[in-house]
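An overview of the molecular structure
Residue strings, one per chain:
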Amino acid sequence: MLYVISYINALETDRHKVNMVIHKEGDKSRAVCDTCKNIVSTTFRYAPYNYEELTISDILQGFCDVCGVVVSIPHQSSYKIKEFRERVNHPLE
Ligand SMILES: [Zn+2]
């Protein structure tokens, strides 16, 4: 029983750690915008992400609040892009 409780606590701790770096739609951040040549405030939004000739839907991206271009891809989205890329490069047979 004690073992189970400490296991659950460990899971909670892990989840808490993960949550700290997970962004949601509408979250604000700051990033360097190449177009504005400045540090700008950004807003995270789900949008299609272009990868080569393919489009991955619903990728969370940070958009510049000034000019609207994508200036950052959060870590959680880069996982999704990586997964997609692996699927494209190694299609299921
Ligand atoms: Zn900008």
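Above this text is the structure in question.
Because the structure is predicted, anything quoted here is derived from the model rather than measured.

Concerning the overall build of the protein
Looking only at helices and strands, the protein features two helices and four strands. Listing every helix and strand of the protein by position from the N terminus yields α-β-β-β-β-α. For the protein, the proportion of its 93 residues judged to be buried stands at 12%. Contacts in the protein between residues far apart in sequence, at least 24 positions, make up 38% of those at least 6 positions apart.

Topic: the pairing of strand 2 (residues 38-51)
The side chains of a regular strand alternate, residue by residue, between the two faces of the sheet. Of the strand pairs in this sheet, strand 1 (residues 28-33) and strand 2 are connected by six bridges, and their pairing is antiparallel. When the sheet's bridge partners are listed, Cys33 is paired in strand 2 with Asn38. The turn linking strand 1 back onto strand 2 is made up of four residues, and Lys37 within it adopts a positive phi angle of 50 degrees.

Things to note about the pairing of strand 3 (residues 54-64)
Sheet topology places strand 2 next to strand 3; nine bridges connect them, and they run antiparallel. Its bridge partner being in strand 3, Tyr49 is matched across the sheet by Ile56. Once strand 2 ends, the chain turns through two residues before running back antiparallel as strand 3, passing Glu52 with a positive phi of about 50 degrees. Bridging between strand 3 and strand 4 (residues 70-72) involves two bridges; their strand directions are antiparallel. By the bridge assignment for strand 4, Phe63 is matched with Val70.

Observations concerning the environment of Ile81
The residue Ile81 is located in helix 2 (residues 75-89) in this model. A residue is classified by how many C-beta atoms lie within 10 Å of it, and Ile81, with 14 of them, is partly exposed. In this structure Ile81 touches Tyr49, Tyr51, Ile56 and Ile59, once residues within four positions along its chain are discounted.

Looking at the sheet that holds strand 2
One open sheet accounts for four strands, arranged 1-2-3-4; its pairing is antiparallel. The sheet is open, and its two edges are formed by strand 1 and strand 4, each paired on a single side. Here the average twist between neighbouring strands, direction ignored, is 55 degrees. Against the sheet, helix 2 touches strand 2 and strand 3, its axis set at about 160 degrees to strand 3.

What counts as what
- Residues numbered from 1 in each chain as written.
- Predicted model: local features only at pLDDT ≥ 70, side-chain atom pairs only at ≥ 80, totals over all residues.
- Helix = DSSP H or I, 4+ residues; strand = E, 2+ residues; numbered from the N terminus.
- Buried ≥ 20, exposed ≤ 12 C-beta atoms within 10 Å, placed from the backbone.
- Contact = placed C-beta atoms within 7 Å.
- Pairing = 2+ DSSP bridges.
- Axes fitted to C-alpha atoms, helices over the stretch in contact; angles between N-to-C directions.

The quantities given are spatial measurements derived from coordinates; they are silent on function.
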